[in-house]
Each structure stands twice: as structure tokens, then as C-alpha cells.
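Residues per chain, in single letters:
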Amino acid sequence: MSLITKTNTNQAFKLNPFPLHNQIDGDFLNAFNPENGPQRPRQINDFLACWVKPDHFTNPKLIAYSEELLANFSSPVSIDDILPYLSGHLTIYQQGAWATLYGGHQFGNWAGQLGDGRAMTMAYLFDKQNQSWEWQIKGAGVTPFSRGGDGYAVLRSSLREFLTSEAMHYLGVPTTRALALISTGELVERDILYTGNIQNEIGALCIRVSPSFLRFGHFQFLAWKKNKDQLYKLLDYTNHKYFHISKNENAQNANTHRWVFEMFKTIADKTINLVTQWLSLGFVHGVMNTDNMSIHGVTLDYGPFGWLDEFNPHFTPNSSDFREFRYQYINQYSVALWNLERLAESFILIDSHIKPYQDLLTHLSKKQDQVFIDIILTKIGLKALIKDEQDSNKDGDDSFDTNSEAKQLYIELILFLKSSKVDYTLFFRSLGHLLDDFFIKPQTWPCLKHLCYQNNNYNHAQLESWLNRWKHLILFIYNPLTQTDLEKIKNQMFQTNPLFILRNHLLYSTIESVTQDLSKDVSNDISNDISKDITVGAAHSSSHNILDNHNPNKNEILNKIQTLIKTPYLQTKWEKNYLLNNAHLELDIKIYYQPSPHWARTQVGCNQLSCSS
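Residues numbered from 1 in each chain as written. Predicted model: local features only at pLDDT ≥ 70, side-chain atom pairs only at ≥ 80, totals over all residues. Heavy atoms only, no water.

Draft legend 1. Geometry of the overall build of the chain. A count of helices and strands for the chain gives 20 helices and 13 strands. When each of the 613 residues of the chain is scored for burial, the buried share is 59%. A separation threshold of at least 6 residues defines the contact pool for the chain, and within that pool the share at least 24 residues apart is 74%. Entry remark: accessible area of the chain is about 24,600 Å², with carbon and sulfur atoms responsible for 48%. (Helix = DSSP H or I, 4+ residues; strand = E, 2+ residues; numbered from the N terminus. Buried < 20%, exposed > 50% of the residue type's maximum accessible area, 1.4 Å probe, protein only. Contact = heavy atoms within 4.5 Å. Areas by Shrake-Rupley, 256 points an atom, 1.4 Å probe, with all protein chains shown as cover.)

Draft legend 2. Representation of the packing of helix α7 (residues 228–243) against helix α8 (residues 258–281) in the model. For the pair α7 and α8, the least separation of the axes is 11 Å and the interaxial angle reads 60°. Relative to α8, the element α7 lies oblique. Of the two elements, α7 crosses α8, and the hand of that crossing is left-handed. The segment α7 lies against α8, with Y232, L235, D236, T238, N239 and F243 engaging W259, V260, M263, T266 and I267. Residue classes in the contact of α7 with α8 are distributed as seven nonpolar, three polar and one charged. (Axes fitted to C-alpha atoms, helices over the stretch in contact; angles between N-to-C directions. Parallel < 35°, antiparallel > 145°, perpendicular 65-115°, else oblique. Left-handed = near helix turned anticlockwise from the far one by under 90°. Nonpolar A, V, L, I, M, F, W, Y, C, P; charged D, E, K, R; others polar.)

Draft legend 3. Representation of helix α15 (residues 483–494). Counted at 1.5 Å a residue, the expected span for α15 with its twelve residues is 16 Å, and the 16 Å between its end C-alpha atoms agrees. Here α15 has its buried residues at D485, L486, I489, K490, M493 and F494. All buried residues of α15 project into a common sector of 165° when viewed along the axis, lining one side. Of the exposed residues in α15, those oriented more than 90 degrees away from the buried face are T484 and K488. (Expected span 1.5 Å × (residues − 1). Arc of directions from axis to C-beta.)

Draft legend 4. Structural detail: the side chain of D25. Locating D25 in the fold gives a position in strand β1 (residues 24–25). Residues in contact with D25, not counting those within four places in the same chain, are Y93, Y124, F126, S132 and K241.

Below is the structure:
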């Protein structure tokens, strides 16, 4: 029997006159009435959430927002109508907002009580499809879970999260969404690499939404405390709200709850799907702690993330991880499994039938190598064409095993990618255009040296050998290969391999430009310091800002990025000549699509990031 009952939210928790008041979803508050205690950092034991009040900032300024996302809630409401609530000046509930309690493993070590240290939930709201979304304001001040922090966020990290979460959405990757980005008009002290180099940065708020921000760590903390009543209640609420799994309790064994395992299995499937998409796109999260893992299988907490330039399986953008490389690109699948194991340890406190969890995790572990193979086969247009192992030969032809050939193709491609230093994103985008000349005999393959980061590493003969093997396998699988077949493969590849990704150096330059523009709003006695070193927490020449000379209006830069992230897979009329023939492009186009410039590859704020924000 479910523990969740519905009550009238307006009666239980008083609402301020919020423009979307008729869309409030009160299930969470009805299930978990937050504690109403001091807002200072402290230990909490018996509550899942605490009421908090956002700080009132003197000069908040809307920097950007998602029109599409806002319209999905209620089109007649403008951003100006709800801006006082997004900036923390007003709260939707008279009691305020709330922060939740969770724990987690950080870099493999149990960290005890963590919780929402600088995020506050304003409300849950229903959208036009009657889906409930949790609205959070991030960076509005201290909470009981802030520990030694100030609860604030800075423009640098807030703009990164705002833009990248939206970019991931349009790439098709499950993610939290960003509704708005707001400058607080105040300064925040940060030490970006924990080296004692403390600098002033402009404070900012990121308003983000998700079905919920429930993390692995919420369940872990209750299990760690052996609080079985609260843990069962949270599991029951989560199932009732999001998973809708029939219980059918076993009356003979009160400690066996099959629905708990089924919920775990769904979370595991969503998590593996998410990480697989990260790996396919070359995205590296950078800090896959269990408190940064969502039960919804969405990308959560955009901190020290980065993208592969060349294919480097050991790449991590997180400077805090430069010793152990725990969260490097190649480890993301295995770390996801490790995190799922920790979640399973929490679930089996309620569901004592351990074997299904062990069997599932063992199965997922055995799939790891094949996942990497399938990712590459999909990116080169072959995954849907390769048969199952038990039926690998075409029409009984023992002389050609398509699965064996595909795996060899995978191995040779990985060797080329690792040795050539070719840009990961642009290389795979280029392959789709090579299909246009498949019927040319003999085949002459274009040189892709211009897409490499170190030209002397490029081995054209090695690439030609691989391309000929790739062509041979496609011709064999179709036999005969038609132009229609080629178009089908090409379209699938273009839908898998983006032309545009929001590389860190584009974010860096956008942050710098927006910061310089906003520094005018800060008091004159400190504005000079801001313009010098506040931008990304590191001193460097402003000539590194590749966008500056081509977009004198700072808002145009941000608007341009917001436009580009919405069509990452769009085919353009110029891209084939650019990718295959190194054709000249106007600089104001090329700067958004070119490989990362040399300076960005070691620049603090680009590929050297930390958990600091």
C-alpha cells in the first residue's frame, strides 16, 4: 500500500500570488514537510528537506532565458512576470524555498552529509503536457547544507551550466534544462584551482528545471543512517511519482519488494543510456560522484566538464582529478556501474533479495566492451546493419563474417584516432560526406590533415586503408548498394554526429565577453579589477577571446551561441568543402566550427577546470 496521499497544497502551504499558481504540484511537500529551523549550515537527521529563504540581491539583471522552455509552461506569461521569483526577491511559497538532504561518494570516498548547498527548490510546476518539473534557483545563498561554502554561484559557472544544459538538450542527450540566467550585481570570491589565488567574480543565478533533482545520494544518506522508514517512504514516493511500477507485494516475505528492484533496473537502464550518449559525443562529465547522478538518467550538475578534442581515452577536464584520473573519458561507463552498485546497496536495505541486483550489474559489466564497439559502429553508419553473433554470416557465406569484420574495423579506427590527433567531432562528421563518392572507382580519399591538432601525426595511408575496409564492408552488407541505401546511411550518420558542439573555448570566450559587459553595472571602485581578472579566474591576453573582434555587441555573441546550440546536426551548404577540402570560410562562421585553438587546450577555464564555482 502506498504511503503517498494527496492533500490540498494551498491549505497545507500558503502560496504567494504567483502567475502560474494554478500549475503548482504539491506532491513533494505533502509527502515530505520540510523542517523549519536555522538556515545556517548544520547536521540534519530526521528531515529530507529544510525551508530556506533566498538572499535579496541589490541589482539583479536578466542575462538570458529559454523562450521555448518558458512557453512550455504557459505562453501568456512573460519572463518579466516571473522574474521577481526567479531572482529570489519573491518566493512562490510564503514559507520560502527548500533545500534537500543527501549524501554521496565523492571521488570514491563516502562524504557523509552533503545536500543542496547552493540550490533551492522554488516549486514543482506542471507544464502543458501535465508533466511535473522541479524549479530550482542555484546560487541564492547559504542553506543548512552549505558546509563551508557561501551558497553563491558565479557568472562563469552559471553561464556554462545555462548554455551547456540547453545545448545537450538539443543534441538529444537527457539533461536538466535551464530556464534563465541572472546576474546578481554583486561580487563573489573564488579560487578557481584551489591554489590560493582568490579573485572577485560576478555573482549569478541559474534557474534550472528537471522532473526532479533526486540523486543517488538521497537514498544513500537514508540507508547510511539506517533510517528504513524514511528510505521506504522516499522509495514509495519516487515509484508513485515517476516510475509507476505495480507493487504486488509478497506477503510471505515482507523484506522482498520486487518493485524496488524493477525501479532500480529502470534507473540503471537510464544511467547506462545516458553515459553511452556522453561517450558517443565525446562528452566528459568530469565529476561523476554519486551525488551528481540523477535517478532520471539525466545529465546533472555541469561543473568541470569538457569535450574530446582529439580522441584521448584518458582525457579529464577536472584539475582535481589530474592525479587519479578517476573520471577520465574511458572510465565513465565503469564509474556509472560503480555508482549503481552503491545505489543498489541502499535499495537492498528495503529489498533484501540481493541476487537480481548482482545479476543485473554483472550483465551490464559484461556489456562494457560491446558498448564501446556499438558506439563507433553507430557513428560510422554500421550498427543497424551488423547481425547478431548467432547469425553473423550473410546467406551462409562462411568466407566473410560481418561481425568479425566490424570489430576489426573498430580496432583499426581506434588506433588511427589515437595516433592521428584528428578532431573527434569533425572527423566523424566528415565520414558522412565521404559516402557521396562511394561509387567512384578507383577511390581517391581526401586528406584530412587540416582537422588534426598535430599535423605530423597524420598518416594518410593508414586512414586510406581503413576507409577502403569500411567501404568494402558496406558494399558487402548491401550487395547491391544503391544510392537510396547510401542516403539512408548518410542521414543516420548526420543524425548521430553533430557538426556543432559547444566547445569549452567558445564558452570561455562567451563568458569573458558577457562579463566585460556586465562589469559596467558593478560599482566603479571595483569595476577595473573585474575587467582585468574576473572573467574566468585566470590572467591572460584578451586576444584569446576569438569572438571579440567579430561581434562588438556582447549580446550578439550570447544570442549567436543560443541560436547555434539549437541545430547541432543541421547540414549546411558549406560544410562538405570545409571538412573534406579545407575550403576557406568567412571567419565569423569558421570560429564556431573549427577545432579548439592551441591556447584553449591548456587554458584555465577551458580544458583546465575544477569543482570550484
